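Overview (structure and organization)
Residues per chain are reported as follows:
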Amino acid sequence: MRVDVLTIFPDYFAPLELSLIGKARTTGLLDVGVHDLRQWTHDVHRTVDDTPYGGGPGMVMRPEPWGAAFDELVPPDRPPLTGPESVPLDDRAPVLIVPTPAGQRFDQAMAHAFAGERRLIFACGRYEGIDQRVLEEAATRMRVREVSLGDYVLFGGEVAVLVMLEAVVRLLPGVIGNAESLTEESHANGLLEAPLYTKPAVWRGREVPEVLRSGDHGRIARWRRAQSLLRTAAQRPDMLASTAPETLDKHDVAT
Ligand code: ADE
């Protein structure tokens, strides 16, 4: 997968050298380019923002640097992807992800969808946001997705991109050694994961539940399933409410 990030704060992305994302890059599973948006400015102050039309607080990102950056990353002279007599924008077009609190909520299903793409481009907005024409124009070449991490406001898109990239990259085949961890974890099956324990068996007088030490795989699976349901009901009743009844089995009903 190829990922490009456009930002006025490239330093935010130093952690992409670390841990499993860093390893995915060195092993060639992931190719990342972080670009300073100001390289596409031409004035002495390297201006990227201006006052909003219609008034209001704060500043808005001007369209020109974004347009020039996209022209370079996704040249418009490639086979046109839209227009009356051209190939329509299809799933070969890169996905442009614009983190914004005004976007669609990011979740594990979206992470899976992005993990299936060949090319992602992230556009990190700052200030109040990016001039809307940038997204309209980008939509002639890319599949544009405005995405929010949640119902709160960050200073800008950089941290949101780190979060999304981490969620996506760990789903790329080969990034996580034991693929089973991906099927057992929270949100893999619409439920939260059961509590986890490791050694020692007794710590500060607290015992690991006996069932987990029993070696009885059937019992362990049923215990984990019950814990998963209880935890989801306690922490995230909204998730349980949207669980299709046919996915519950008779053990669940008894629980
Ligand atoms: N930028 C600012 N706030 C954001 C949020 N909640 N999600 C994604 N990007 C953002």
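Remember, it's a predicted structure, so these values are computed and weren't measured experimentally.

A few words now on the pattern of salt bridges. In a structure, side chains of opposite charge can pair up when their charged atoms sit close to one another. Evaluated as defined, the whole model comprises 17 salt bridges. The salt bridge involving R141 is made with D71; its shortest N-O contact spans 2.9 Å. On the criterion of sequence distance, the pair formed by R141 in the loop between α4 (132-138) and β7 (143-148) and D71 in helix α2 (residues 63-73) is long-range, its members being 70 residues apart. The shortest N-O distance in the salt bridge between R141 and E137 comes to 3.4 Å. For R141, a relative accessible area of 8% translates into the label buried. Classification of E137 as partly exposed rests on a relative accessible area of 42%. Salt bridges linked by common partners bring R2, D4, D31 and R119 together as one network.

All right, on to the site of the ligand then. Surrounding the ligand, one finds P99, T100, P101, V147, S148, L149, G150, Y152, V153, L154, G156 and A160. Within the backbone of T100, one N or O atom sits 3.2 Å away from a nitrogen atom of the ligand. In this structure, G150 approaches the ligand through a main-chain N or O atom, which is 3.3 Å from a nitrogen atom. Coverage of the ligand by the protein amounts to 96% of the 260 Å² it exposes when considered alone. Only β5 (95-105) and β7 provide two or more residues apiece to the shell around the ligand. The greatest single-element share of the shell around the ligand, amounting to 3 residues, is contributed by β5. For the shell around the ligand, the residue count by class is 8 nonpolar, 4 polar and no charged.

Further remarks concern the nonpolar core. Counting residues in each nonpolar core, the largest one holds 33 residues, and the members touching the most others are V3, L30, F106, F114, L120 and F122. Those elements giving two or more residues to this core turn out to be β1 (2-7), α1 (19-26), β5, α3 (108-115), β6 (119-123) and α5 (158-169). Ranked by residue count, the leading element in this core is α5, at 8 residues. In this structure, F114 is in contact with M1, V95, I97, F106, L120, R145, V147 and V168, ignoring residues within four places of it in sequence. Core analysis: the second largest hydrophobic core is formed by 20 residues, L6, A69, L96 and V134 among them.

Another aspect to go through is the side chain of T7. Of note, T7 is situated in strand β1. A residue is classified by how much of its surface remains accessible, and T7, at 0% relative accessible area, is buried. A polar atom in the side chain of T7 sits 2.7 Å from the backbone nitrogen of F9. A polar contact is formed between the side chain of T7 and the side chain of E158, at a distance of 2.6 Å. The contacts of T7, once residues within four sequence positions are left out, are F13, V34, H35, D36, L37, C124 and E158.

The subject of this paragraph is the domain arrangement of the protein. On domain assignment, one finds that the protein holds domain 1 (2-169) and domain 2 (189-254). Computed over C-alpha atoms only, the centres of domain 1 and domain 2 are separated by 38 Å.

This paragraph deals with the pairing of β1. Judged by how many residues are buried, β1 sits mostly within the fold: 5 of 6 residues are covered. The β-α-β motif built from β1, the intervening α1 and the parallel element strand β2 (residues 31-36) has right-handed crossover chirality.

Take the packing of aromatic side chains next. Tallied over the entire structure, the rule returns 3 aromatic pairs. With 6.1 Å between their ring centres and 35° between their planes, W66 and F70 make a pair best called tilted. With W66 and F70 both in helix α2, this residue pair falls 4 residues apart, about one helical turn. Each of the two residues, W66 as well as F70, counts as buried. Ring centres of F106 and F114 lie 6.4 Å apart, and the angle between their planes is 20°; on these two criteria the pair is classed as stacked. The same class applies to F106 and to F114, which are both buried.

Rules used in this analysis
Residues numbered from 1 in each chain as written. Predicted model: local features only at pLDDT ≥ 70, side-chain atom pairs only at ≥ 80, totals over all residues. Heavy atoms only, no water. Salt bridge = Lys/Arg side-chain N within 4 Å of Asp/Glu carboxyl O. Helix = DSSP H or I, 4+ residues; strand = E, 2+ residues; numbered from the N terminus. Buried < 20%, exposed > 50% of the residue type's maximum accessible area, 1.4 Å probe, protein only. Near = heavy atom within 4 Å. Polar contact = N/O pair within 3.5 Å; in protein donor to acceptor, adjacent residues only side chain to side chain. Areas by Shrake-Rupley, 256 points an atom, 1.4 Å probe, with all protein chains shown as cover. Nonpolar A, V, L, I, M, F, W, Y, C, P; charged D, E, K, R; others polar. Core = buried A, V, L, I, M, F, W, Y, C linked by side-chain atoms within 4.5 Å. Contact = heavy atoms within 4.5 Å. Domains from an automatic or database assignment. Right-handed = clockwise from strand over helix to strand, strands pointing away. Phe/Tyr/Trp six-rings, centres within 6.5 Å; stacked < 30°, edge-to-face > 60°.

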